[in-house]
Protein chains: 2
Amino acid sequence: MKTFINPAKETWNDILKRPTQTKANLEKVVAEVFSKIQDEGDKALLEFTAKFDGCNLSSIKVSKTEIEEAIALVPDKLKSSIEKAARNISKFHENQLVVEAPVKISNGIDCWRKTTAIEKVGLYIPGGSAPLFSTVLMLSIPAKIAGCKEMVMCSPPNKEGKIHPAILFAADLCGITEIYKLGGTQAIGAMTYGTETVKQVYKIFGPGNQYVTAAKQYATMEGVAIDMPAGPSEVLVFADDSGNASFIAADLLSQAEHGADSQVVFVTTQENMIVEVKAEVEKQLNDLPRKEIAAKALNNSILICVEDVYQALALINEYAPEHLILQSREEAFFVDRIVNAGSVFLGNYTPESAGDYASGTNHTLPTNGYARAYSGVSVDSFVKKITFQRITQDGLKELGNVIEIMAEAEELMAHKNAVTIRLKRE
Amino acid sequence: MKTFINPAKETWNDILKRPTQTKANLEKVVAEVFSKIQDEGDKALLEFTAKFDGCNLSSIKVSKTEIEEAIALVPDKLKSSIEKAARNISKFHENQLVVEAPVKISNGIDCWRKTTAIEKVGLYIPGGSAPLFSTVLMLSIPAKIAGCKEMVMCSPPNKEGKIHPAILFAADLCGITEIYKLGGTQAIGAMTYGTETVKQVYKIFGPGNQYVTAAKQYATMEGVAIDMPAGPSEVLVFADDSGNASFIAADLLSQAEHGADSQVVFVTTQENMIVEVKAEVEKQLNDLPRKEIAAKALNNSILICVEDVYQALALINEYAPEHLILQSREEAFFVDRIVNAGSVFLGNYTPESAGDYASGTNHTLPTNGYARAYSGVSVDSFVKKITFQRITQDGLKELGNVIEIMAEAEELMAHKNAVTIRLKRE
């Protein structure tokens, strides 16, 4: 862990540099996989799954029986925990459905927006050692609240051709309409084009490795929307002397265990907090099963002491952390002024894991500084807004000349004529 | 114009195919321009402007004097028209600023979202024969309402090194903070990285040719967000016998004059309307200054007679038109059921040009079928939403076990520990 005491503002950019992401030059690989899926459909998917996941599937689609069997395998305690989390996530996300009032621009001119769900969405849940059923909740609950009609999900099968029971339980709970045993590039390609078995979608969501990221990028060039660009997870904790060093260490470690490329930043106005947090991190690290991964991430991690809360605020807004934890007497100061962050956790008893799982907020968030321009996933991500307008003959009489003058100045005479021809009508 | 009478549903996909866009393989060109801008800054920009725009600039940034001179050149009638349009656009977009209520998830758990403006945005206004000052309004008014602090604008200079006065007038009216004489790839590259003169931005908006489109795509890989993917403009008009053939023809032509690749679709339940509209199009076409462009677009245009409104609705939702004009007795039927469209114009006196210029809605809309997943530009495009949460010690006592169980099942023990360590504290 690297420590910086009152570093000059000009050096922040360097200090806070995220671990360099090797720009994976995977476009060629992705293009080949996508093109084969377009040409051969299911046949290509079965071949890729045999090659990349090491299993020969008889069917890509998860059957009802498989889902029922999986549900029976999930321990009751885990089931009720997932259900509780789902209720909280639903409660938070239902609040995001807003009905916008129509606008009377002037007499005879009415304009409004109608929010409509994206009809077909695809959710990608990565495989790997641990089953990310929490991501199933975070993507499918807002999709369901938005009113998406078709919610398809892809997740890679293990060597036995199965998806983890907890993932299937969560998917079933949240109303996913189709589940496919597909991972990586071939999952994204299948949802982009559709095959005999896999339904085509209009927008693809979800995390994944560099192949998935490259495939999602490629999908956008094939007319499919995606949730947001991906990057390694990160947390920034700010604390003054009201913070609790052992809680802070636990939060830093919970970020560090995600992956060796996770970034962990601690900012404080109290130099002694750096010493305390460092000691606590070392103490707690040893007990973690994923301590090797966490230790690697900690190598890149940064502890910074700044002069005052103004400096801290400036640094936070410049870094734009995915997760921001604030343990500070001056919480209100920060809440009012934070402009760049994904999700903010306030106070000593609000660990990031609460938001990762069960408090209700979404855990699919902008990393890598994208919080400067992107929001996390929400119901907004699953809808689009159509504008409507109705103009009466009188309304057009009032506004028509303005349109004619502007259209003429832009040299678009047919645009002008569409008004003129109507104004001439008695 | 190709006519289809009651075509089978299976053929719609073929009939409604958009003009094939040659996938411009411009990534290499863009990468070179971007890399030179990163290395050489302003020097590179001046060179590219000399090369591509054919003018040697002494300064990239438009000066206050230049703006004042331009304002003096704009005719008063055009000024007041632009001002009237700006008021309507402001009125419609101000309504999009919503304050979301906080959510009490349970005792001791509070979650909410805060809407914050994207601090730095870049607006691109294409050059070419006509000055697109209307696009200045459509991008900068929602940006200003959102509260963006820095709104920079790029537009290519003409051979004399000037930007059209109406563009500068509109930019000044709407509070653009910096205006640069930059076009094409170099404009997008400059806003992506920033140079000595040009300010770096977090999100880039605006239309453009295939170079601009490729550059915006490239910018997303460099960490900058963009408004949406671009494609040729398009309109679909549906009318029954309550429609007015000459108005419809004028609307179809106003789309056709945009460019040879514009797509124009007319759908009706009344076969005779096809004959009438066709005759009107031919009649009106001759009087247009841009009739050659419009005639080319009309070659790709389609007239379809369908059996009933259900068929019409299905066809509209499948095509997902950027602009949809409805002249129908059964307007309410459509309004309730349209799910894929950018902007909808209702009734005989609501021409698309009203929305293009002055009724208040935005004209930056999803083309090319993107209306299935994207909204047009709005205040939403210039903000992001940060989630906040505060959990009390009691709140965590209540929810903590759920988090622990889920974290353990995902094999993320440090996530679990961040809760456990807090629950242990008395």
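Residues numbered from 1 in each chain as written. Chains lettered and ligands numbered in written order. Predicted model: local features only at pLDDT ≥ 70, side-chain atom pairs only at ≥ 80, totals over all residues. Heavy atoms only, no water.

Remarks on the interface of chain B and chain A
Chain B puts 119 residues into the contact, and the matching count from chain A is 119 residues. Across the interface of chain B and chain A, roughly 10900 Å² is buried in total on both sides, 58% from carbon and sulfur atoms. Applying the counting criterion to the chain B and chain A interface returns eight salt bridges. Close ionic contact of Asp 380 of chain B with Arg 113 of chain A constitutes a salt bridge, the shortest N to O distance being 3.3 Å. Tallied by class, the residues present in the side of chain B that touches chain A amount to 57 nonpolar, 34 polar and 28 charged. In this structure, strand S13 (residues 343-346) of chain A lies alongside strand S14 (residues 383-391) of chain B, joined through four bridges in parallel fashion. Considered in S14 of chain B, the bridge of Phe 345 of chain A is made with Gln 389 of chain B. (Contact = heavy atoms within 4.5 Å. Buried area = accessible area lost by both parts, 1.4 Å probe. Salt bridge = Lys/Arg side-chain N within 4 Å of Asp/Glu carboxyl O. Nonpolar A, V, L, I, M, F, W, Y, C, P; charged D, E, K, R; others polar. Pairing = 2+ DSSP bridges. Helix = DSSP H or I, 4+ residues; strand = E, 2+ residues; numbered from the N terminus.)

Let's talk about the domain arrangement of chain A
Residue and element names in this part refer to chain A. What the domain assignment reports for chain A is domain 1 (2-20 + 232-360), domain 2 (23-96 + 118-229) and domain 3 (392-423). The interface is formed by seven residues belonging to domain 1 together with eight residues belonging to domain 2. In total, domain 1 and domain 2 occlude about 520 Å² of area from one another, counting both sides; carbon and sulfur atoms represent 54% of this. On the domain 1 side of the interface with domain 2, the three residues burying the most area are Tyr 357, Ala 358 and Gly 360, jointly 76% of the side's total. The interface formed by domain 1 and domain 2 holds two residue pairs in polar contact (both at pLDDT 80 or more) in total. Per-class residue counts for the side of domain 1 that touches domain 2 are two nonpolar, three polar and two charged. (Domains from an automatic or database assignment. Polar contact = N/O pair within 3.5 Å; in protein donor to acceptor, adjacent residues only side chain to side chain.)

So, the relation of the copies chain B and chain A
At an RMSD of 0.0 Å, chain B and chain A line up after a rotation of 180° and a shift of 0.0 Å along the axis. On this basis, the relationship between the two copies can be described by a two-fold rotation axis. Identified as the residue of chain B closest to the rotation axis by C-alpha distance is Val 98 of chain B, at 4.2 Å. Interface overlap between copies: 100% of the residues of chain B at the interface are likewise at the interface in chain A, consistent with a symmetric, same-surface contact. (Least-squares fit on C-alpha atoms with pLDDT ≥ 70 in both.)

Concerning the nonpolar core
Counting residues in hydrophobic clusters, the biggest one holds 140 residues, and the most contacted among them are Leu 137 of chain A together with Leu 137 of chain B. Aside from chain neighbours lying at most four places away, what touches Leu 137 of chain A is Ile 82, Ala 85, Ala 86, Ile 89, Pro 142, Ala 170 and Cys 174 of chain A together with Met 406 of chain B. (Core = buried A, V, L, I, M, F, W, Y, C linked by side-chain atoms within 4.5 Å. Buried < 20%, exposed > 50% of the residue type's maximum accessible area, 1.4 Å probe, protein only.)

Let's talk about the packing of helix H2 (residues 27-40) of chain A against helix H3 (residues 42-53) of chain A
Helix-helix packing is characterised by the crossing angle of the two axes and by the distance between the axes. Residues and elements named next belong to chain A. Contact pair H2 / H3: the axes reach a minimum separation of 6 Å and the direction vectors enclose 135°. In terms of orientation, H2 lies oblique with respect to H3. On H3, the residues touching Val 33, Lys 36, Ile 37 and Glu 40 of H2 are Asp 42, Lys 43, Ala 44, Leu 45, Glu 47 and Phe 48. Of the residues belonging to the contact of H2 with H3, the class tally is five nonpolar, no polar and five charged. (Axes fitted to C-alpha atoms, helices over the stretch in contact; angles between N-to-C directions. Parallel < 35°, antiparallel > 145°, perpendicular 65-115°, else oblique.)

Observations concerning helix H16 (residues 393-409) of chain A
Count 3.6 residues to each turn of an α-helix, and residues three or four apart come out pointing the same way. Between its first and last C-alpha atoms H16 of chain A spans 24 Å; for 17 residues at 1.5 Å apiece the expected length is 24 Å, and the two agree. Along H16 of chain A, the helix axis deviates most sharply at Leu 399 of chain A, where the bend reaches about 50°. Taken as a whole, H16 of chain A has its buried residues at Gly 395, Leu 396, Leu 399, Gly 400, Val 402, Ile 403, Glu 404, Ile 405, Met 406 and Ala 407 of chain A. As for H16 of chain A, its buried residues are in contact with strand S3 (109-117), strand S14 (383-391) and helix H17 (413-424) of chain A together with helix H5 (76-94), helix H6 (133-146) and helix H15 (352-357) of chain B. Just downstream of H16 of chain A lies Glu 411 of chain A, where phi reads positive at about 60°. (Expected span 1.5 Å × (residues − 1). Bend = angle between axes of the 7 residues up to and from the residue.)

Let's talk about the sheet that holds S14 of chain A
With mixed pairing, nine strands are arranged side by side in an open sheet as S2(A)-S3(A)-S14(A)-S13(B)-S12(B)-S9(B)-S10(B)-S11(B)-S1(B). The open sheet has two free edges, formed respectively by strand S2 (103-106) of chain A together with strand S1 (2-5) of chain B, since each of these has just one partner strand. Put simply, the sheet's adjacent strands are angled 20° from each other on average, direction ignored. Inspection of the sheet shows S1 of chain B paired to strand S11 (residues 302-305) of chain B by four bridges, in the parallel sense. Within S11 of chain B, the position partnered with Lys 2 of chain B by the bridge is Ile 302 of chain B. This element, helix H10 (residues 245-256) of chain B, spans strand S9 (234-239), strand S10 (263-268) and strand S12 (323-327) of chain B of the sheet and lies at about 155° to S10 of chain B.

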